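Commentary on secondary and tertiary structure
Letter by letter, the chains look like this.
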Amino acid sequence: MLILASRRFLSMALIMVIVSFTLFAIFESDKLAVAGKVLGPYSNTEQRELWLEQNGYNEPFLERYVTWVGNALTGDFGNSIQYKSPVADILWPRLGNTAILAGLYMLFMIPISLTLGVIAGMKEGSLQDRAVSIGSVLTTSVPEFASATFFSAIFVFWLGWLPGTSAMTGGFNWAEIFLPVFVLVVYGFGYTARMTRASMAEVMTSHYIRTAVLKGIPYRRVIMKHALRNALIAPFTVIILQLNWLLSGVIVVEVFFAYKGFGKLLLDAALFGDIYVIEACTLIAVFVAVFSQFISDIGYTLLNPRIRFT
Amino acid sequence: MTDINQNDVAPPSAIARMFKNFLLIRESPIAMFGFALIMMWVILAILAPVLPLYDPNTPLEPFKFPLSAARDGGHYWLGTDHKGRDILSRVIFGAQTVLVWATLATGVAYIVGMFMGVVAGYLGGWWDEVISFVSNVLLSFPVIVLYIIIITYLGATGFNIVLAVTFASAPGIMRIVRGLVLDLRTRDYIFAAQTRGESPMYIMLVELLPNARGPLIVDACLRLGYTTITIAMLGYLGLGLPPPDPDWGKMIAETQPLGSFAGHMAVVPAAAISSLVLGFNLLADGLREISMRD
């Protein structure tokens with residue numbers, strides 16, 4: 001177990017080094033372009049060179065990379081070009097807002113998709129199974145920006161029940177967070193539900209379930225005690241790995257509802273050319289993705305006795 | 001009397017066999033429905049230049065609601081947008097854009113991913129190590145970050161979108177193909193080909209890939225749907241193809257703020273995307289069901 005964990009940890013560290021190096025090479029190998037971005041299009045070459053000199057850009061490339069990584073590890077990502085303030089000051093509150101969004105998404109998505117998946121997988125081919133399968137294909141076919149359009153047309157403009165934007169100008173507001181979370185859950189639950197269904201259906205055909213049923217244990221207990229525990233191992237990894245593509249949905253939803261989160265920060269930085277913000281956001285996004293992969297590998301091993309004891 | 005020998009009958013041509021296999025989708029109503037949805041958009045997109053439509057980029061009369069009469073005696077069946085462009089025409093011409101680029105991008109991603117997968121699976125050793133590691137690094141990127149970096153760094157052109165989709169999808173395709181090849185490479189016909197002295201390239205392309213096609217067809221349908229979403233999403237986020245040609249995602253982004261009094265402008269393209277993606281997903285679902293049945 002410890003060997004596995006340390007091997008996974010090493011590969012995680014290696015991937016982070018490669019990713020950060022690639023990122024640095026893409027955005028900062030052309031020094032004059034960096035100076036041009038920071039000082040604006042009307043600066044002349046002498047000003048740019050002076051700026052490069054003052055900010056230590058004339059050191060060798062590798063040395064700059066090491067300094068940059070060191071700064072990033074201590075939470076110093078440089079100054080934002082667009083907002084004229086340290087990137088860290090903008091980044092952390094935004095990340096917090098997105099964590100609220102993602103946390104609420106998980107809070108609703110997990111129970112809904114697990115319940116539906118288990119109900120569908122209990123009897124393969126039954127009416128409830130067909131209904132859940134078709135329903136999840138339907139909802140995963142409507143991308144977030146389309147379903148957000150539909151839901152805001154209904155709930156905001158037609159019925160007038162909810163606000164159409166979620167800028168949270170007057171502090172945190174439950175009415176404003178409802179639609180973003182709802183849109184994410186509607187699009188996201190289908191995938192996990194299908195995975196749970198497949199896993200549950202497989203468990204239900206296994207010998208130990210047949211034995212339990214033949215022993216005369218009540219059906220309810222067979223499901224709750226024997227089937228669920230094994231059927232929920234596979235969805236666990238799926239849920240954690242969802243973090244990776246949840247980010248696309250989060251960006252779309254944050255843009256649609258003008259929610260001040262991490263995704264909108266990254267997109268705005270990309271459209272503006274705010275390289276230090278792009279670098280910081282990308283590093284954090286990749287770190288979250290790689291770390292969730294690590295957690296899911298370790299968790300899978302811990303949950304699955306067949307792997308744990310060999 | 002001419003003797004008709006069994007051997008004289010030519011085997012059915014490849015096209016005839018493909019057509020016969022294709023008719024299998026009649027077994028699944030879900031697949032049929034999905035296929036019909038896709039074909040509807042394909043046919044509309046092909047016929048777009050000859051259909052009696054207004055020009056998609058010409059401003060006519062702004063803020064017309066669906067079914068309203070036009071000044072020249074025609075109708076704006078789906079209304080017009082804030083710049084007075086006919087929405088029906090923009091949605092149909094937008095289908096051209098999204099179908100062409102989604103197919104192209106998925107196709108290129110498939111060629112690259114299949115080649116990586118078959119090399120990693122069949123040649124093994126260092127090839128496998130290197131290709132798998134590169135794929136793992138790429139898969140560790142959240143896809144949207146990959147898109148944003150490639151497109152902001154290289155610019156928003158059709159070619160760069162194809163490139164970005166390839167970077168994002170090829171590693172996943174590679175994993176599937178590699179898994180299939182690892183299973184197929186122990187079959188007798190592969191040993192037979194090796195004994196005949198066929199080159200590894202021949203074995204990979206002629207013996208292995210065609211026999212791995214089953215699961216790949218289902219995956220390709222799903223990926224086409226997902227690439228459709230991606231292209232529309234990039235358009236929505238302002239990272240898509242350059243204007244003025246209609247793009248479903250951009251149509252939503254442009255008209256979304258007008259939702260309070262002209263909701264149809266954003267709802268129509270949103271429905272268009274959803275129906276096309278639904279077509280791909282239902283087709284994939286139906287095909288998977290058919291393949292599981294045998």
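The structure contained in this document is the topic of the report that follows. Remember, predicted model here, so these are calculated numbers, not experimental data.

Each helix and strand in chain A was counted, giving 14 helices and 0 strands. Along its sequence from the N terminus, chain A presents helices and strands in the succession α-α-α-α-α-α-α-α-α-α-α-α-α-α. In terms of its C-alpha atoms, chain A occupies a principal-axis envelope of roughly 85 × 60 × 30 Å. For chain A, the proportion of its 310 residues judged to be buried stands at 48%. In chain A, once contacts between residues fewer than 6 apart in sequence are set aside, the share between residues at least 24 apart is 72%. As displayed, chain A offers around 15500 Å² of accessible surface, 67% of which is attributable to carbon and sulfur atoms. Taking the average place of the 22 positive charges on the side chains of chain A and the average place of its 19 negative ones, the gap between the two points comes to 21 Å.

In terms of helices and strands, chain B carries 11 helices and 2 strands. Listed by position from the N terminus, the elements making up chain B come as α-α-β-β-α-α-α-α-α-α-α-α-α. Projected onto its principal axes, the C-alpha positions of chain B cover 75 × 65 × 30 Å. Buried residues in chain B amount to 49% of all 294 residues. Across chain B, contacts joining residues at least 24 apart in sequence account for 69% of those joining residues at least 6 apart. Summed over all atoms, the accessible surface of chain B reaches about 14300 Å², with 68% contributed by carbon and sulfur.

What follows concerns the packing of helix H5 (residues 87-122) of chain A against helix H6 (residues 127-141) of chain A. All names here are of chain A. Where H5 meets H6, the axes come as close as 7 Å, and the angle between the chain directions of the two elements is 135°. Put simply, H5 runs oblique to H6. For the pair H5 and H6, the crossing hand works out as left-handed. Taken together, the residues of H6 that come into contact with H5 (itself represented by Leu116, Ile119 and Ala120) are Gln128, Asp129 and Val132.

It is worth spelling out the side chain of Asp86(B) at this point. Residue and element names in this part refer to chain B. Looking at the secondary structure, you find Asp86 in the loop between strand E2 (75-76) and helix H3 (87-123). Arg90 is the oppositely charged side chain nearest to the buried, salt-bridge-free Asp86, at an N-O distance of 9.3 Å. For Asp86, the side chain forms a polar contact with the main-chain nitrogen of Ser89, separated by 3.3 Å.

What follows concerns the interface of chain A and chain B. Each partner contributes residues to the interface: chain A has 39 residues there, and chain B has 40 residues. If you sort the residues of chain A by the area they bury against chain B, Ser141(A), Phe145(A) and Phe157(A) come out on top, with a joint share of 16%. Linking chain A with chain B are 2 salt bridges. A salt bridge links Arg194(A) to Asp285(B); its shortest N-O distance comes to 2.5 Å. Seen at the junction of chain A and chain B, the total is 2 residue pairs in polar contact (both at pLDDT 80 or more). Elements that contribute at least two residues to the side of chain A that touches chain B include exactly helix H1 (2-28), H6, helix H7 (144-158), helix H8 (174-204), helix H11 (233-256), helix H12 (262-272) and helix H13 (275-303) of chain A. Residue composition of the side of chain A that touches chain B, grouped by class: 31 nonpolar, 6 polar and 2 charged.

Oppositely charged side chains may form a pair once their charged atoms are brought near each other. Tallied over the entire structure, the rule returns 13 salt bridges over all chains. For Asp183(B), the salt bridge is made with Arg187(B), and the minimal N-O distance between the two is 3.3 Å. Here Asp183(B) falls in the partly exposed class, since its relative accessible area comes to 42%. With relative accessibility at 35%, the residue Arg187(B) sits in the partly exposed group. In this structure, Arg196(B) engages Glu198(B) in a salt bridge whose closest nitrogen and oxygen atoms are separated by 3.1 Å. On the basis of relative accessible area, Glu198(B) is assigned to the partly exposed category, the value being 27%. Each of Glu124(A), Asp129(A) and Arg197(A) takes part in one network of salt bridges that share partners.

Moving on, we come to the side chain of Ser133(A). Along the polypeptide, Ser133(A) turns up in helix H6. Here Ser133(A) is in contact with Arg194(A) and Arg197(A), once residues within four sequence places are set aside.

Residue and element names in this part refer to chain A. Along the chain, Arg8 turns up in helix H1. Placed 286 residues apart in sequence, Arg8 and Phe294 show a C-alpha to C-alpha distance of 6.5 Å. A polar contact is formed between the side chain of Arg8 and the side chain of Asp297, at a distance of 2.9 Å.

Moving on: the environment of Gly117(A). All names here are of chain A. The topology assignment puts Gly117 in helix H5. Through-space distance from the C-alpha of Gly117 to that of Pro235 is 9.6 Å; in sequence the pair is 118 residues apart. Every residue in contact with Gly117, bar those within four places of it in the chain, is listed here: Ala193, Thr196, Arg197 and Met200.

All right, on to helix H10 (residues 248-255) of chain B then. With 6 of 8 residues buried, H10(B) lies mostly within the body of the structure. Buried within H10(B) we find Trp248(B), Gly249(B), Lys250(B), Met251(B), Ile252(B) and Thr255(B). As for H10(B), its buried residues are in contact with H7 of chain A together with helix H2 (29-47), H3, helix H9 (213-237) and helix H11 (264-293) of chain B. Of the residues flanking the start of H10(B), the one acting as N-cap is Asp247(B), its side-chain oxygen 2.9 Å from the backbone nitrogen of Gly249(B).

Right, let's talk about the nonpolar core for a bit. Across soluble globular proteins, you tend to see nonpolar side chains buried next to one another. Among the nonpolar cores identified, the biggest contains 131 residues, and Leu91(A), Phe145(A), Leu237(B) and Trp248(B) are the most heavily contacted of them. Here this core gets 13 residues from one element, more than from any other, and that element is H13(A). In contact with Trp248(B), not counting residues within four places along its chain, are Trp41(B), Arg90(B), Val91(B), Gly94(B), Ala95(B), Val98(B), Pro269(B), Ala272(B), Ile273(B) and Leu276(B). Grouped together as the second largest cluster of nonpolar side chains are 21 residues, Met174(B), Val181(B), Ile190(B) and Ile203(B) included.

About the thresholds
Note on numbering: residues in each chain are counted from 1, in written sequence order. Key to labels: chains lettered from A, ligands numbered from 1, both in the order written. Confidence filtering applies because this is a predicted model: local features only for residues at pLDDT of at least 70, side-chain atom pairs given and counted only at 80 or more, and all residues used for totals across whole chains, interfaces and linings. Each side-chain value is worked out from all heavy atoms of the structure, with water and hydrogens disregarded. Put simply, DSSP H or I for four residues or longer makes a helix, DSSP E for two residues or longer makes a strand, and each gets a number counted from the N terminus. Note on classification: 1.4 Å probe, protein chains only; a residue is buried when its accessible area is under 20% of the maximum for its type, exposed when over 50%, partly exposed between these limits. Pairs of residues are marked as contacts when any of their non-hydrogen atoms sit within 4.5 Å. Calculation of accessible area relied on Shrake-Rupley with a 1.4 Å probe; when residues are assessed, cover is drawn exclusively from the protein chains displayed. His is not counted, nor are the chain ends, whereas Lys and Arg count as positive and Asp and Glu as negative. A single reference atom marks each charge: NZ on Lys, CZ on Arg, CG on Asp, CD on Glu. To obtain each axis, a line is fitted to C-alpha atoms, and for helices this fit is confined to the stretch in contact; angles are then taken between N-to-C directions over 0 to 180 degrees. Small angles under 35 degrees read as roughly parallel and large ones over 145 as roughly antiparallel, with 65 to 115 read as roughly perpendicular and the rest as oblique. Crossings are assigned a handedness: left-handed for a near helix turned anticlockwise from the far helix by less than a right angle, right-handed for a clockwise turn. Salt bridge, as used here, is a side-chain nitrogen of Lys or Arg placed within 4 Å of a carboxyl oxygen of Asp or Glu. Residues adjacent in sequence count toward polar contacts only when both atoms are side-chain atoms; beyond that, a polar contact is any pair of N or O atoms within 3.5 Å, and within protein one must be able to donate a hydrogen and the other to accept it. A simple way to read buried area is as the amount of 1.4 Å-probe accessible surface that goes missing from two parts once joined, with both sides added. Throughout, the ten residues Ala, Val, Leu, Ile, Met, Phe, Trp, Tyr, Cys and Pro are labelled nonpolar, Asp, Glu, Lys and Arg are labelled charged, and all others, Gly among them, are labelled polar. Put simply, a nonpolar core is a bunch of buried Ala, Val, Leu, Ile, Met, Phe, Trp, Tyr and Cys residues held in one set by side-chain atoms that sit within 4.5 Å of each other.

The quantities given are spatial measurements derived from coordinates; they are silent on function.
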